[in-house]
Amino acid sequence: PGEGTQPAQPAPVNAVIHEYNFTGEPAHVGGSAPTYTILLIDGSTRLATAGWVQGGKLHYLDLESRQMVLSPEVIDRTATERANAEKSLRLDLPPG
């Protein structure tokens, strides 16, 4: 550039939203939050919208957003893992 010339102005920024659709997605993608299934040894079922392991126990939010806690010895691990895998979900469970 010669002396006294102005640098070129950058192009204006434009916001762009991209939407991607993949086959084989879990049913909750693009819709409501996932619902995890927790099966207990006594045969009962708990449903959760979120879950995490803390202090060796499973903490989860039930469908009414209440925080609940389960000890690992009351969880039917195999059935819980299977039920969530069928929905393409993975819920971390405490060791036990």
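Residues numbered from 1 in each chain as written. Predicted model: local features only at pLDDT ≥ 70, side-chain atom pairs only at ≥ 80, totals over all residues. Heavy atoms only, no water.

> How do you make sense of the overall build of the chain when you look at a structure like this?
Secondary structure summary: the chain contains one helix and five strands in total. Listed by position from the N terminus, the elements making up the chain come as β-β-β-β-β-α. In the chain, buried positions account for 22% of the 96 residues. Considering only intrachain contacts with a sequence separation of at least 6, the fraction spanning at least 24 residues in the chain is 39%. A total of about 7,300 Å² of accessible surface is found on the chain, and carbon and sulfur atoms cover 53% of it. (Helix = DSSP H or I, 4+ residues; strand = E, 2+ residues; numbered from the N terminus. Buried < 20%, exposed > 50% of the residue type's maximum accessible area, 1.4 Å probe, protein only. Contact = heavy atoms within 4.5 Å. Areas by Shrake-Rupley, 256 points an atom, 1.4 Å probe, with all protein chains shown as cover.)

> Just to check I follow, could you spell out helix H1 (residues 77–85) for this structure?
For an α-helix the count is 3.6 residues per turn, leaving residues at separations of three or four pointing the same way. Taken together, the buried positions of H1 are Ala79, Thr80, Ala83 and Asn84. One side of H1 carries all its buried residues, which in axial view fall inside an arc of 125°. Summarising the contacts, the buried residues of H1 are in contact with strand E1 (36–39). (Arc of directions from axis to C-beta.)

> How do you make sense of the pairing of strand E2 (residues 45–48) when you look at a structure like this?
In terms of strand pairing, E1 meets E2 through four bridges, oriented antiparallel. Each residue of the ladder has a partner; that of Tyr36, found in E2, is Ala48. Hairpin connection from E1 to E2: five residues lie between these consecutive antiparallel strands, with Gly43 at a positive phi of about 95°. (Pairing = 2+ DSSP bridges.)

> Looking at this model, I keep getting lost on the pattern of salt bridges. Mind explaining?
Oppositely charged side chains may form a pair once their charged atoms are brought near each other. Under the definition given, this model contains four salt bridges. A salt bridge links Asp62 to Arg66; its shortest N-O distance comes to 2.7 Å. Exposure remark for Arg66: the relative accessible area of 45% places this residue in the partly exposed category. Each of Asp62, Glu64 and Arg66 takes part in salt bridges that share partners, so that together they form one network. (Salt bridge = Lys/Arg side-chain N within 4 Å of Asp/Glu carboxyl O.)

> What is the right way to look at the nonpolar core in this model?
Grouped burial of nonpolar side chains is what soluble globular proteins tend to show. Counting residues in each nonpolar core, the largest one holds 11 residues, listed as Tyr36, Ile38, Leu40, Ala48, Leu58, Tyr60, Leu70, Ile75, Leu89, Leu91 and Leu93. The set of elements that each furnish at least two residues to this core consists of E1 and strand E4 (57–61). (Core = buried A, V, L, I, M, F, W, Y, C linked by side-chain atoms within 4.5 Å.)

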